[in-house]
Amino acid sequence: LAKTTQPISMDSYEGQEVNITCSHNNIATNDYITWYQQFPSQGPRFIIQGYKTKVTNEVASLFIPADRKSSTLSLPRVSLSDTAVYYCLVGVLYSGNTPLVFGKGTRLSVIA
Amino acid sequence: EAQVTQNPRYLITVTGKKLTVTCSQNMNHEYMSWYRQDPGLGLRQIYYSMNVEVTDKGDVPEGYKVSRKEKRNFPLILESPSPNQTSLYFCASSLGREGLGNEQFFGPGTRLTVL
């Protein structure tokens, strides 16, 4: 069961790039790395996922080094609406008999 | 609209009174899951289901039951609720197929208070 470690909180000013790193030293060969965003009293929302190297979509980039023991979520030019909790999740759904562990997340506060 | 729905959204009950929280998805997803979220503890998985009639325990299954008789529904049952089950509950679903990773779609949440 791949456990993850993230910073508890981060602060950033509007317009800056934010990088949140997640450590997952015992990631398994088949595991994906997935990031979610959660606003207060709402369900988490999928942001991005990857297996190796770099993945980019319209909202974020995900950098995964060759050893896959960590990953970095990059949010370009954050705005106040990006204030949320970000969860790093490592695992794979279809493997069965392996619960997914979300961890405690990183609380990002964007300041004007 | 593709979505995961949960009912009720809010529930206050008393210790020992059986309750069911329903979850339904309209995306033909194979994988469904229940989570609870408590302050300072993040999201913890209660039960999950890979397909109809297939369910498995998550991290914190004690005190809960689930069933998956139809693909779209995955109810969470508390046979004898206790105050330590007061929490915010989320249902989620996913295609759950190999090569498609872990994208899960979450419901709006059910806030449960057990007195």
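Look up: the structure comes first, before these words.
Note that this is a predicted model, so its numbers are computed, not measured.

When you go through chain B residue by residue, the secondary structure sums to 0 helices and 11 strands. Listing every helix and strand of chain B by position from the N terminus yields β-β-β-β-β-β-β-β-β-β-β. Here the C-alpha radius of gyration of chain B, 13 Å, is about what a compact globule of 115 residues would show, namely 13 Å. The principal-axis extents of the C-alpha atoms in chain B amount to approximately 45 × 30 × 25 Å. Taking all 115 residues of chain B together, the buried fraction comes to 51%. Looking at chain B, you have 13 positive and 11 negative side-chain charges, and the mean spots of the two groups are 7 Å apart.

Residue and element names in this part refer to chain A. Counting 20 residues, the largest nonpolar core has I33, W35, I47, L73, L75 and Y86 as its most contacted members. For this core, the secondary structure elements donating two or more residues are β2 (18–23), β3 (32–38), β4 (45–50), β6 (61–64), β7 (70–75), β8 (84–91) and β10 (106–111). In terms of residues, this core owes the most to one element, β8, which gives 4 residues. Once residues lying within four places of it in the same chain are set aside, the contact partners of Y86 are Q6, I20, W35, Y36, Q37, I47, L73, L75, G105, T106 and L108.

The sheet contact formed by strand β5 (residues 42–51) of chain B and strand β6 (residues 54–57) of chain B spans 3 bridges and is antiparallel. Following the sheet pairing, N51(B) is matched in β6(B) by V54(B).

It is worth spelling out the pairing of strand β9 (residues 87–94) of chain B at this point. Residue and element names in this part refer to chain B. Among the 8 residues in β9, 8 count as buried, and that is most of the element. Judged by which residues are buried, β9 turns out to be covered on both faces: S87, Y89, C91 and S93 on one side and L88, F90, A92 and S94 on the other are all buried. With 7 bridges connecting them, strand β4 (residues 31–38) and β9 associate as antiparallel partners. Bridge assignment links Q37 to a residue of β9, and that residue is L88. Pairing geometry for β9 and strand β11 (residues 110–114), over 3 bridges, is antiparallel. Bridge assignment links L88 to a residue of β11, and that residue is R111. Looking at chain direction, β9 and strand β10 (residues 105–106) are connected through 2 bridges and run antiparallel. Looking at the pairing, A92 lines up with F106 of β10.

All names here are of chain A. Looking at where T106 falls in the secondary structure, it is placed in strand β10. Under the relative-accessibility criterion, T106 is labelled buried at 0%. Polar side-chain contacts of T106 include one of 2.5 Å to the backbone oxygen of P7. Among residues more than four places away in sequence, those in contact with T106 are Q6, P7, I8, S9, M10, I20, A84, V85 and Y86.

Let us look at the state of the cysteines. What we call a disulfide is simply a covalent bond connecting the sulfur atoms of a pair of cysteines. All names here are of chain A. One pass over the structure, following the stated rule, counts 2 disulfides over all chains. Each disulfide pairs two cysteine sulfurs, and for C22 the partner residue is C88, the sulfurs being separated by 2.2 Å. Where C22 bonds to C88 through sulfur, the torsion about that S-S bond is close to -80°, and the disulfide is left-handed. One end of the pair, C22, is in strand β2; the other, C88, is in strand β8, with 66 residues separating them in the sequence. Each member of the pair, C22 as well as C88, is classed as buried.

About the criteria used
- Every chain is numbered on its own, with residues counted from 1 as its sequence reads.
- Throughout, the order in which chains and ligands are written sets their labels, letters from A for the former and numbers from 1 for the latter.
- Only residues with pLDDT of at least 70 get local features here, since the model is predicted, and only at 80 or more are side-chain atom pairs given and counted; chain-wide, interface and lining totals rely on the full set of residues.
- Side-chain metrics rest on all non-hydrogen atoms present in the structure, leaving aside hydrogens and water.
- Every helix listed is a DSSP run of H or I at least four residues long, and every strand listed is a run of E at least two residues long, numbered separately from the N terminus.
- Both definitions apply: the radius of gyration is a C-alpha atom measure, and the globule rule equals 2.2 Å times residues to the power 0.38.
- Only protein chains enter the accessibility calculation, which uses a 1.4 Å probe; a residue whose area is less than 20% of its type maximum is buried, one above 50% is exposed, and one in between is partly exposed.
- Two residue types count as positive, namely Lys and Arg, and two as negative, namely Asp and Glu; His and chain ends fall outside the count.
- Charge coordinates come from a single atom per side chain, which is NZ of Lys, CZ of Arg, CG of Asp or CD of Glu.
- Buried Ala, Val, Leu, Ile, Met, Phe, Trp, Tyr and Cys residues that are joined via side-chain atoms within 4.5 Å together make up what is termed a nonpolar core.
- By the convention used here, residues are in contact when the closest approach between their heavy atoms is within 4.5 Å.
- For two strands to pair, DSSP has to find at least two bridges joining them.
- A 3.5 Å cut-off defines polar contacts: any pair of N or O atoms within that distance qualifies, except that in protein one atom must be a possible hydrogen donor and the other a possible acceptor, and neighbouring residues in sequence count only when both atoms are side-chain atoms.
- Disulfide: a pair of cysteine sulfur atoms within 2.5 Å of each other.

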